[in-house]
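Remarks on the overall topology
Chain residues, written in single-letter form:
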Amino acid sequence: MAGGVLSFPLTSFREDGGLDLESYRAYLTAQVATAPGAVFPACGTGEFSALDEDEYRAVVRAAVEVADGRLPVVAGIGYGWAQALRFARIAEEAGADALLVMPHYLVAAPQDGLVEQLSRIAAGTRLPLIAYQRGQVTFTAESARRIAEIPTVVGLKDGHSDLDRLQRLTLAAPDGFLFFNGAATAEIQARAYATVGVPAYSSAVHAFAPEIADAFFTALRDGEDAVTQKLLRDFYVPLVELRDRVPGYAVSLVKAAARLRGLPVGPVRAPLVDPGPADLADLEKILDAGLDLVGATRRRTA
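Residues numbered from 1 in each chain as written. Predicted model: local features only at pLDDT ≥ 70, side-chain atom pairs only at ≥ 80, totals over all residues. Heavy atoms only, no water.

Burial of strand 5 (residues 129–133) is extensive: five of the five residues sit out of reach of the surface. Judged from the three bridges that link them, strand 4 (residues 98–101) and strand 5 form a sheet pairing that is parallel. Following the sheet pairing, leucine 100 is matched in strand 5 by isoleucine 130. At this point the chain moves from strand 4, through helix 4 (residues 111–123), to the parallel strand 5, and the crossover so formed is right-handed. For strand 5 and strand 6 (residues 153–158), the ladder comprises five bridges, and the chain directions are parallel. Residue pairing for strand 6: alanine 131 is matched across the bridge by leucine 156. Each parallel crossover has a hand, and the one from strand 5 via helix 5 (residues 141–148) to strand 6 is right-handed. (Buried < 20%, exposed > 50% of the residue type's maximum accessible area, 1.4 Å probe, protein only. Helix = DSSP H or I, 4+ residues; strand = E, 2+ residues; numbered from the N terminus. Pairing = 2+ DSSP bridges. Right-handed = clockwise from strand over helix to strand, strands pointing away.)

Structure, rendered in structure tokens:
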């Protein structure tokens, strides 16, 4: 999965809020055609928390069918371990290759509880698990060692961007344990993560502009510092500054940018909100600037 940008696709909704499965399949087909390292349906960018179980089943099954064995499909699961297992079993039946265990719901928990949470999920599914530390979930180095001893826990995605702590985790885990940069707009910190041995990252930008995401990934991999600097300065930093204006824009702006490119993703579901006219106008300028940098055009239909 370190061989390409990791795709976290959006979930398509109709204007009335219903799941638009046909549009989702068309959008997924366009995503998979760009050959990402893996596809992660029904995760944070895909509004996992807004899906009911039937919708979740349809979304994961569609991803498996569109991927058609060409790349790994890693489905999101979450909430407490009992509910996470319900989603895990649905994903397993739908043909997913692995699961991303997103932060549990609401409560803070001690390290023993975080380890037990993963142990219980692992005991109830045969699929490999990737833990996700973000929000109220933060593993210590000792806990990282313990979860790595669970046979089906194969990796950890980090969304805290505490590189001191992350370095300790990578040193405590065994060789072959996977680590992923899961920071919001991960490209901003991709170089820093790579210095502590975590080159793989998820890309929300790939959900609407794979041309930009792939250009950045290639430049970073090949040591083309001038290219990465220009993309960061003229596209990624302005995007992050816009993202930080309103809670939830980490997803809402991604969907809005996809719509600007003609991709059939529809609106976000509450409690998220779509950007207003002023923010949408700013997003349009940032998107056009990024596309110009990589020689791409605005119109991209699924």
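Between its terminal C-alpha atoms helix 1 (residues 21–33) stretches 18 Å, which fits the 18 Å expected from 13 residues at 1.5 Å a residue. Among the residues of helix 1, those classed as buried are Ser23, Tyr24, Tyr27, Leu28, Ala30, Gln31 and Val32. Considering only its buried residues, helix 1 is in contact with strand 1 (6–7), strand 2 (38–39) and helix 2 (53–67). Phi turns positive one or two residues past the end of helix 1, at alanine 35, with a value near 60 degrees. (Expected span 1.5 Å × (residues − 1). Contact = heavy atoms within 4.5 Å.)

The next subject is the packing of helix 8 (residues 210–221) against helix 9 (residues 225–243). Two elements in contact, helix 8 and helix 9, have axes separated by 9 Å at closest approach and are oriented at 145 degrees. Taken as a pair, helix 8 and helix 9 cross one another with a handedness that is left-handed. Here Ile212, Ala213, Ala215, Phe216, Ala219 and Leu220 of helix 8 come into contact with helix 9, specifically with Val227, Thr228, Leu231, Leu232, Phe235 and Tyr236. Partitioned by chemical class, the residues of the contact of helix 8 with helix 9 number 11 nonpolar, one polar and no charged. (Axes fitted to C-alpha atoms, helices over the stretch in contact; angles between N-to-C directions. Left-handed = near helix turned anticlockwise from the far one by under 90°. Nonpolar A, V, L, I, M, F, W, Y, C, P; charged D, E, K, R; others polar.)

Moving on: the pattern of salt bridges. Considering all chains together, one arrives at 22 salt bridges under this definition. A salt bridge links glutamate 149 to arginine 145, with the nearest nitrogen and oxygen atoms 2.5 Å apart. The class of glutamate 149 is exposed, set by a relative accessible area of 54%. Residue arginine 145 is classed as partly exposed on the basis of its relative accessible area, which comes to 32%. (Salt bridge = Lys/Arg side-chain N within 4 Å of Asp/Glu carboxyl O.)

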